[in-house]
Amino acid sequence: MHGAYEKVRAQDDPQTGRRRIVLAYVAGLFSAIALRVAYTVSFPAPVLHRRPPAAAWPSSVAHHYPPSEPTNAFPDLFPSDIGHAGPTPTGAEPAVIATAPSYPFHAGPPHLLAPDAFSNRSEPAFDIFKHWGNLSPWFSVPAAAFGLHTGPEPPQECTVTGLHLLHRHGARYPTGQSSYGGPAGFSDRLTRSSQPWKARGQLKFLNDWSYKLGEEILTPFGRQQLYDLGVSMRIKYGFLLHNFSESHTLPVFRTESQDRMLSSALNFALGFFGHPLEGKYQQLITIEDHGFNNTLAPSKTCPNAHNTTKGDRATAFVREWANVYLPDALARLRPQLDGLELSMEDVYSMQQLCAYETVALGYSKFCELFTEEEWKGFDYAVDLYFWYNSAFGSPVARGLGIGYVQELLARLTHTPIPSHNSSTNSTLDDNPATFPLDQSLYVDATHEVVVLNVITALNLTAFAADGPLPTDHIPPHHAFKTSHLAPFATNVQFQLLACASTPAPQIRIIINDGVVPLTGLRGCPATGDGTCALPTFVAALHALVARTDWAWACHGNWTVPPGTAWNTTTGDPPPRPNRG
């Protein structure tokens, strides 16, 4: 009892009470500070993005693999061949193109994700991957896309006797320069801005976004594209290798020295032949650089192709069209970025970023920013660019493509090129080891611009029917679509046929599984299956070579005014002045 009384009295002591009050105040103060810190950490105040100090926020992110000096590399412990392979007898070569009841079409890209925004919105479903122009992954074009209601499988009573394949490299990072737009340029605009900026709404992701793209080399998906293309061609045309076994020879495939070109060719070969490649074929690597004749990179010896008033006329047309199809997108997106005013070119760059990020990283938030109509507009913007720079609307396109036509003619007739008056390389093309003329299978890797140059030089006029392309609307059902003709890994088959119904061998041109009308070649009839008698086709090529003035197109002192004041739909420059 006494102890309890004394304890109560101690609590009631005035000095002790004051100390307790002070301690309670201090404890409360610390609690308030702690709560404030916790709130700040959990809910930070909005921060405007300012121009970062050096190395504070990199404008790009790159992961350098493989390491230059790995500490656990012991190659002697990891040989690639240790014997004990087990049974290795081979089977018969596949021949889907000749034996299957139908043709295996290529539907679309695996491993890449499209935005959910287009799911269940339209019938048939909108496929964004098919509306990126030359940045689209290749796909089998729709039936009759080029005007013929027939497939790539041989016509009845016909068998395949040979194949000449021209293909583009796989998906890559952006090139170093861009005449309009450009992903790297847009990234620089954001990171080097001297003004603070903040994104919100659909653009909120930009607050944490960084540029993750490399330059020009293949992406992982691009490597897969070419491997898959090689597998596909082996399954369809593997039986042609029997001719090489009979003649005790090896196929000679060609590519160029650029990294993405060589990587594309090797990945194709791995898909076609399988690992290891040694002893199965020969890979010719041609030099792609200024001063070296090369039909797979013909601009390197064509000065006019590098003159912006002649070989790069398209920018003005693309800019005009962007001002038609992108104003709504600009009006929608510009208010979502405070402190930095978006331009029309910025918005176009965002569409490019969608495609490039998707084929490099598998997915891109930029794809969600645009409507179906705006993607159709982007697709057409790319059509304008390549029509006026690399195809029927370019004054240098035919000249650039004619060298490959000369090589095709030499292979088809089994005769050497009589006159090297274009981008052909006499050192390589006159050597039967590096340019054989008696093989049943040829494979050449090149760029999309060269594919379009060759299409123009071959006078495949079905693709020029809508030209010149306008800049104020998209022509309905227009034939020249870059996503159909020159996407990543595009492939052009020159298919040789023997048919019971005619004594003459036949030839067809098939682009991304679409059969092309040959009516632009003199004497080739308008057949329903796209065939033309090989002698007629060869005669038409001779005529095309004779009418093409490579020296004038590439080295001539001619001029053309910008814009629509001058046009071509044949890929030719203004005619050479009459010297008489």
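A brief report on the enclosed structure follows. (Residues numbered from 1 in each chain as written. Predicted model: local features only at pLDDT ≥ 70, side-chain atom pairs only at ≥ 80, totals over all residues. Heavy atoms only, no water.)

**Brief notes about the pairing of strand E6 (residues 441–446)**
No. 1: Among the 6 residues in E6, 6 count as buried, and that is most of the element.
No. 2: Side chains Leu 441, Val 443 and Ala 445 project from E6 onto one buried face, and the interleaved Tyr 442, Asp 444 and Thr 446 project onto a second face that is buried too.
No. 3: Inspection of the sheet shows strand E1 (residues 158–168) paired to E6 by 6 bridges, in the parallel sense. Its bridge partner being in E6, Leu 166 is matched across the sheet by Asp 444.
No. 4: As paired strands, strand E3 (residues 252–256) and E6 are joined by 2 bridges and run parallel to one another. For Phe 253, the partnering residue across the bridge sits in E6 and is Val 443. (Buried < 20%, exposed > 50% of the residue type's maximum accessible area, 1.4 Å probe, protein only. Helix = DSSP H or I, 4+ residues; strand = E, 2+ residues; numbered from the N terminus. Pairing = 2+ DSSP bridges.)

**Let's talk about the pattern of salt bridges**
No. 1: Applying the stated criterion across every chain yields a total of 18 salt bridges.
No. 2: With a closest N to O distance of 2.5 Å, Arg 234 and Glu 93 form a salt bridge. Of this pair, Arg 234 sits in helix H5 (residues 220–237) while Glu 93 sits in the loop between helix H2 (14–42) and helix H3 (96–99), and the two are 141 residues apart along the sequence.
No. 3: Residue classification places Glu 93 among the partly exposed residues on the basis of a relative accessible area of 32%.
No. 4: The salt bridge partner of Asp 346 is Arg 189, with a shortest N-O separation of 2.5 Å. Of this pair, Asp 346 sits in helix H11 (residues 344–361) while Arg 189 sits in helix H4 (residues 183–191); the two residues are 157 residues apart in sequence, bridging distant segments of the chain.
No. 5: Look at Asp 346 and you get buried, because its relative accessible area is 6%.
No. 6: Here Arg 189 falls in the partly exposed class, since its relative accessible area comes to 34%.
No. 7: Among the charged side chains, a salt-bridge network with shared partners connects Arg 254, Glu 407, Arg 411 and Asp 444. (Salt bridge = Lys/Arg side-chain N within 4 Å of Asp/Glu carboxyl O.)

**Description of the packing of helix H13 (residues 397–413) against helix H17 (residues 534–547)**
No. 1: Between H13 and H17, the least distance of the axes is 10 Å, while the angle of their chain directions is 145°. Relative to H17, H13 is oriented so that their crossing is left-handed. Side by side, H13 and H17 meet where Arg 398, Ile 402, Val 405, Gln 406, Leu 408, Leu 409, Leu 412 and Thr 413 of the first sit next to Leu 534, Phe 537, Val 538, Leu 541, His 542, Leu 544, Val 545 and Arg 547 of the second.
No. 2: Tallied by class, the residues present in the contact of H13 with H17 amount to 11 nonpolar, 3 polar and 2 charged. (Axes fitted to C-alpha atoms, helices over the stretch in contact; angles between N-to-C directions. Left-handed = near helix turned anticlockwise from the far one by under 90°. Contact = heavy atoms within 4.5 Å. Nonpolar A, V, L, I, M, F, W, Y, C, P; charged D, E, K, R; others polar.)

**Here we look at helix H9 (residues 315–325)**
No. 1: Looking at H9, one finds that the buried residues are Thr 315, Phe 317, Val 318, Trp 321, Ala 322 and Tyr 325. Axial view of H9: buried residues confined to an arc of 155°, hence all on one face.
No. 2: Of the surrounding elements, those touching the buried residues of H9 are helix H10 (327–333), H11 and helix H12 (372–390). (Arc of directions from axis to C-beta.)

**Observations regarding H11**
Since the α-helix packs 3.6 residues into each turn, any two residues three or four apart lie on the same face.
No. 1: Compared with an ideal rise of 1.5 Å per residue, which puts 18 residues at 26 Å, H11 spans 25 Å between its outermost C-alpha atoms and is within 8% of the ideal.
No. 2: Of all 18 residues that make up H11, 16 are buried, and the element is covered over most of its length.
No. 3: Directly beyond the C-terminal end of H11, a positive phi value near 100° is found at Gly 362. (Expected span 1.5 Å × (residues − 1).)

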